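Next come the chains, spelled out residue by residue.
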Amino acid sequence: MANFEAYQEYQRIEDYEEDSPPGEEDLLVHVPESLKSWHHIKNLDNFFTRIIYHYHQKNGFACMMLSEFFELQFLFVVTFTTFLVNCVEYDVLFANRAVNHTGQGQNPYERNKVTLPDAIVPSQQCTQIQDNSWIIFLLIMAATFWIYRLIKVFCNILSYWEIRQFYIKALKIKMDELCNFTWQEVQDRLISLQREQQMCIHKKELTELDIYHRILRFKNYMVAMINKSLLPVHLQLPLLGNVVFLTQGLKYNFELILFWGPGSLFQNKWNLHPKYKRSGNRLELAQKLSRVILLIGLANLLLCPFILVWQVLYAFFSYTEVIRREPGSLGARRWSLYGRLYLRHFNELNHELHGRLGRGYKPTSKYMNSFTSPLLTVLAKNVAFFSGSVLAVLIALTVYDEDVLTVQHILTAITVLGVVITITSFIPDEHMVWCPEQLLQCVLAHIHYMPDHWRGNANKSETRDEVAQLFQYKAVFILEELLSPIVTPFILIFLLRNKSLEIIDFFRNFTVEVVGVGDICSFAQMDIRRHGNPTWMSDGQTEASVYQQAENGKTELSLMHFTLKNPRWQPPQESSLFISHLKEKVQHDAQGGPSTQLLLSEAPLCTSLHSNESGAGAESLIASVLIHPILTASGLPGRDHRFVPPSSAASAAASVLASLSTSHHAHPSRSRPHVLLPSSVYPETTMYRSDRTVINMSNSDSRIRSNALHSEFASAEMSLHAIYMHE
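Residues numbered from 1 in each chain as written. Predicted model: local features only at pLDDT ≥ 70, side-chain atom pairs only at ≥ 80, totals over all residues. Heavy atoms only, no water.

A. A look at the overall build of the protein chain. In terms of regular secondary structure, the protein chain is built from 30 helices and nine strands. Residues classed as buried in the protein chain amount to 47% of the 727 residues present. For the protein chain, the exposed surface amounts to about 36800 Å²; the carbon and sulfur share of it is 60%. (Helix = DSSP H or I, 4+ residues; strand = E, 2+ residues; numbered from the N terminus. Buried < 20%, exposed > 50% of the residue type's maximum accessible area, 1.4 Å probe, protein only. Areas by Shrake-Rupley, 256 points an atom, 1.4 Å probe, with all protein chains shown as cover.)

B. Main features of the packing of helix H16 (residues 361-369) against helix H19 (residues 436-447). Contact geometry for H16 and H19: axes closest at 8 Å, N-to-C directions at 155°. As summarised for this structure, H16 and H19 are arranged roughly antiparallel, according to the angle between their axes. The crossing of H16 and H19 is left-handed. For the pair formed by H16 and H19, the contact residues are Pro 363, Thr 364, Lys 366 and Tyr 367 on the first element and Pro 436, Leu 439, Leu 440, Cys 442, Val 443 and His 446 on the second. Among the residues forming the contact of H16 with H19, the class breakdown is seven nonpolar, two polar and one charged. (Axes fitted to C-alpha atoms, helices over the stretch in contact; angles between N-to-C directions. Parallel < 35°, antiparallel > 145°, perpendicular 65-115°, else oblique. Left-handed = near helix turned anticlockwise from the far one by under 90°. Contact = heavy atoms within 4.5 Å. Nonpolar A, V, L, I, M, F, W, Y, C, P; charged D, E, K, R; others polar.)

C. Looking closely at helix H22 (residues 500-509). Burial runs high along H22: eight of the ten residues are buried. Considered for burial, the residues of H22 that qualify are Ser 500, Ile 503, Ile 504, Asp 505, Phe 506, Phe 507, Arg 508 and Asn 509.

D. Molecular detail of the pairing of strand S5 (residues 241-244). Note that strand S4 (residues 234-237) and S5 share four bridges and pair antiparallel. For Leu 237, the partnering residue across the bridge sits in S5 and is Gly 241. Hairpin connection between S4 and S5: a loop of three residues separates the two successive antiparallel strands, and Leu 239 in this loop has a positive phi of roughly 70°. (Pairing = 2+ DSSP bridges.)

E. Examining the state of the cysteines more closely. Using the criterion set out here, one finds one disulfide in the structure. Note that Cys 87 is cross-linked by a disulfide to Cys 126, the S-S spacing being 1.5 Å. Taking the sign of the S-S torsion, 50° for the link of Cys 87 and Cys 126, the bridge is right-handed. Here Cys 126 lies in helix H7 (residues 123-126) and Cys 87 lies in the loop between helix H4 (73-86) and helix H5 (90-93), a separation of 39 residues in the sequence. (Disulfide = S-S within 2.5 Å.)

F. The arrangement of unusual backbone geometry in detail. The phi dihedral of Asn 59 falls on the positive side, at around 65°, and the residue is not glycine. Its location among the elements puts Asn 59 in the loop between helix H2 (44-57) and helix H3 (61-70). When its relative accessible area of 46% is taken as the criterion, Asn 59 is described as partly exposed. One non-glycine residue, Leu 239, adopts positive backbone phi at about 70°.

G. Summary view of the environment of Thr 542. For Thr 542, the location among the structural elements is in the loop between helix H23 (528-531) and helix H24 (554-565). For Thr 542, a relative accessible area of 16% gives the class buried. Thr 542 sits 32 residues away from Glu 574 along the chain, and the two C-alpha atoms are 9.0 Å apart. When near neighbours in sequence (up to four residues on either side) are disregarded, Thr 542 contacts Ile 528, Arg 529, Gly 532 and Pro 534.

H. Inspection of H4 at higher detail. Taking 1.5 Å as the rise per residue, H4 with 14 residues should run 20 Å; its terminal C-alpha atoms sit 20 Å apart, in good agreement. Those residues of H4 not exposed but buried are Phe 74, Val 77, Val 78 and Thr 81. One side of H4 holds all its buried residues, which, seen down the axis, span an arc of 90°. (Expected span 1.5 Å × (residues − 1). Arc of directions from axis to C-beta.)

I. Main features of the nonpolar core. Residues Ile 52, Met 225, Leu 265 and Phe 507 are the most contacted members of the largest nonpolar core, which totals 128 residues. For this core, the leading source of residues is helix H28 (residues 649-666), giving eight residues. (Core = buried A, V, L, I, M, F, W, Y, C linked by side-chain atoms within 4.5 Å.)

J. Spatial organisation of the pattern of salt bridges. Evaluated as defined, the whole model comprises 13 salt bridges. Notably, a salt bridge pairs Asp 589 with Lys 585, separated by 3.9 Å at the nearest N-O pair. Of the two residues, Asp 589 and Lys 585 are both situated in helix H25 (residues 573-590); the distance of four residues between them amounts to about one turn of the helix. Given a relative accessible area of 37%, Lys 585 falls into the partly exposed group. Connected via shared salt-bridge partners are Asp 527, Arg 529, Glu 543 and Glu 574. (Salt bridge = Lys/Arg side-chain N within 4 Å of Asp/Glu carboxyl O.)

K. Focus on the UniProt feature "transmembrane region" (unreviewed entry) in the protein chain. If you check UniProt for "transmembrane region" (unreviewed entry), the listed places come out as residues 133-151, 292-317, 375-397 and 409-427 in our numbering. Note that residues 133-151 is 100% helix and 0% strand, and that its end C-alpha atoms are spaced 27 Å apart. Helix makes up 100% of residues 375-397 and strand 0%, and the two end C-alpha atoms of the span are 34 Å apart. (UniProt positions renumbered as here; feature names shortened; annotations may be inferred.)

L. Spatial organisation of the side chain of Glu 556. Inspection of the secondary structure assignment puts Glu 556 in helix H24. Despite its burial, Glu 556 remains without a salt bridge, the nearest opposite charge being carried by Lys 554 at 10 Å. Here Glu 556 is in contact with Ile 528, Gly 532, Asn 533, Trp 536, Ser 538, Phe 578 and Met 725, once residues within four sequence places are set aside. (Lys, Arg positive; Asp, Glu negative; His and termini not counted.)

M. Representation of the side chain of Asp 527 in the model. Tracing the sequence through the fold places Asp 527 in the loop between strand S9 (518-521) and H23. Overall, Asp 527 belongs to the buried group, its relative accessible area being 17%. A polar contact of 3.1 Å, which involves the side chain of Asp 527, links it to the backbone nitrogen of Arg 529. For Asp 527, the contacting residues outside a window of four places in its chain are Gly 532, Thr 555 and Glu 574. (Polar contact = N/O pair within 3.5 Å; in protein donor to acceptor, adjacent residues only side chain to side chain.)

N. Molecular detail of the confidence of the model for the protein chain. Of all residues in the protein chain, 76% have pLDDT values of 70 or greater, and the mean over the chain is 79. Scored below 50 in pLDDT, residues 14-41 shows 63 contacts in the model against residues more than four places distant or in partner chains. Low pLDDT (under 50) marks residues 607-616, which in the prediction has 17 contacts with non-local residues, meaning those over four places away or in another chain. (pLDDT = per-residue confidence, 0-100.)

O. Fine view of the packing of aromatic side chains. In total, this model carries 30 aromatic pairs according to the counting rule given. Look at Phe 218 and Phe 259: their rings are 4.5 Å apart centre to centre, the planes differ by 15°, and that puts the pair in the stacked class. Remark: Phe 259 occurs in helix H12 (residues 248-260) and Phe 218 occurs in helix H11 (residues 217-227); sequence separation between them is 41 residues. Ring centres of Trp 335 and Phe 471 lie 4.6 Å apart, and the angle between their planes is 55°; this geometry places the pair in the tilted category. Taken together, the residues span a long stretch of sequence, with Trp 335 in strand S6 (residues 333-335) and Phe 471 in strand S7 (residues 471-473) at a distance of 136 residues. Note on accessibility: Trp 335 and Phe 471 belong to one class, buried. Taken together, the ring pairs in this structure connect Phe 218, Tyr 221, Phe 259, Phe 266, Phe 346, Phe 506, Phe 507, Phe 510, Phe 523 and Tyr 547 into an aromatic cluster. Over the aromatic face of Phe 477 sits the side chain of Arg 334, whose NZ or CZ is 3.8 Å from the ring centroid. The lysine or arginine in question, Lys 554, covers the ring of Tyr 449, its NZ or CZ lying 4.1 Å from the ring centre. (Phe/Tyr/Trp six-rings, centres within 6.5 Å; stacked < 30°, edge-to-face > 60°. Lys NZ or Arg CZ within 6 Å of the ring centre and 35° of its normal.)

P. Region of the structure containing the pairing of S9. Here strand S8 (residues 511-514) runs beside S9; their pairing, made up of four bridges, is antiparallel. Counterpart to Thr 511 in the pairing with S9 is Cys 521. Connecting S8 to the antiparallel partner S9 that follows it, the hairpin turn spans three residues, and Gly 516 within it adopts a positive phi of roughly 90°.

And the structure:
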């Protein structure tokens, strides 16, 4: 606890611009009359997050309006469930009670045939729910919530129309062309507009980091708290051991308590309450926070039955058809909510994270599939044989005579047997051979974070279990969401309350005020001096204690990622020194590494070893860097029939990164293609350059292709940096 007390107080970071006006909540964004009929926009965080970013990511007015409308599906779920409970005659539906149609001239066979209207209760009887007080209570609650949602939808639609006008008149982006603009292009236009029109009256110029801080203010806090293991998401359970439990409901409660709920630490969306910035009354504030957590935990416990019913209904309506159509989908994997926070860089937007984890999906799936249990394999083969035999007989009888389908529960048996066969289809291919270490290296290239104890232990079940915490089965995800209403109250009451003092200290110690932006998490500044880790190439450049350091090199990797994604951004002095030191280190290590031409010559072979499909460009280059150490260690001669000395993945990555710099200086006029990257892409994608020139393309298709290449090779360069620094 001494670290909490000894660490410096809440800080204010001055800027060269004038201070924010005292009534920032009343006047934040000014738009000239020449651009639009409105004079100002309240809440700048909302302006950047919803107006600019979400509008772009959700593809404009029509898509957002339609999404808002269908969010009212809550009404359908409640109405349909009430209908199923109150208006269906299940005795007739299940043929437990005979139905006799006595119409004249009717076929005797059809008199006993059950029709859909026979199983539906008459409307007058269906609407008589006065005697069921529980249904009335639930309907009143549902109606209240739905009316609130309806009012919110109408307000959002009105704001979306104003956003549309802002895009058209201020940013000069037509709605039919919005999908052709990347976020970086929209961001550049916004920065240029601020420079020309002074929209934000308290700051002369906006930077990319200012915009990211506004959009990701609370998200950066969540990433930092996961990084410092502050939130109680690791549970020690009997028989199961260490289990990570973080669901949408639990995350919602964390954010409610800390950021925007009643009694939260923030007095508005951009300022921490002043009393939390002083250390004098930390114990009193911790007790207050503990009471708030207790009240919200008890509220969750009280609402648990209703939330649980909703979770079950929503899961049933959402996944039943998918499971019927693709039973194997439950065996598919997805990035867990904990994994998305653990692997997220500081200042990484949702679409950037989604793209990065999307590229890492196949390598991670292959790594997880490389682990097979011989015992389960034997069981699966025999269960599949027995189930398949019975299913084959039932299908043959059905084909011979369709009356077999009228036998009670025959369709149920066929369905269950089909599901069992699908579940037991995880029998591994006997001809497939995997290399866990190389697969884990390929995973690292995309997810960028890997604990040190994974290295050299890729073939151990402990490592696989830890990867599974980040990359979980979809069935596990559904089960956790169903259990969330039951587990969440106990986590809040018995675990989170015990961390109240640590949370108070965290927000005081790791919150800084940036003029023109407000209070942000200090880790989001990506300040190497304050939060760097000496073991991550920042030795001698950081003054951070163990308590102040970001774990797993998050500060260093986040800085590199943000620099590559925003090539126009000018880093502060400490960050620039770190990047210069990194470049020097890369140049030094590249001298003992393999040549870039050798790596490129191995790219087709390497790609085939890592993928079932032939790749090109960035993916081939990453694959060649990963597999090169294996080829050289094997003692096999290269394509020039000469033996190549063994080398590591780090030296191979350094050679490629260094070639980016030397090639740039060798072709300053860009008259010839880059040895690795297309010349039209190169200036925007690499961190190793002396200029930050932007290439303007008149042709829309060329611009779109160029943007795609920019993103692809920027991601590849970041992957190479991750490999190099982890090595």
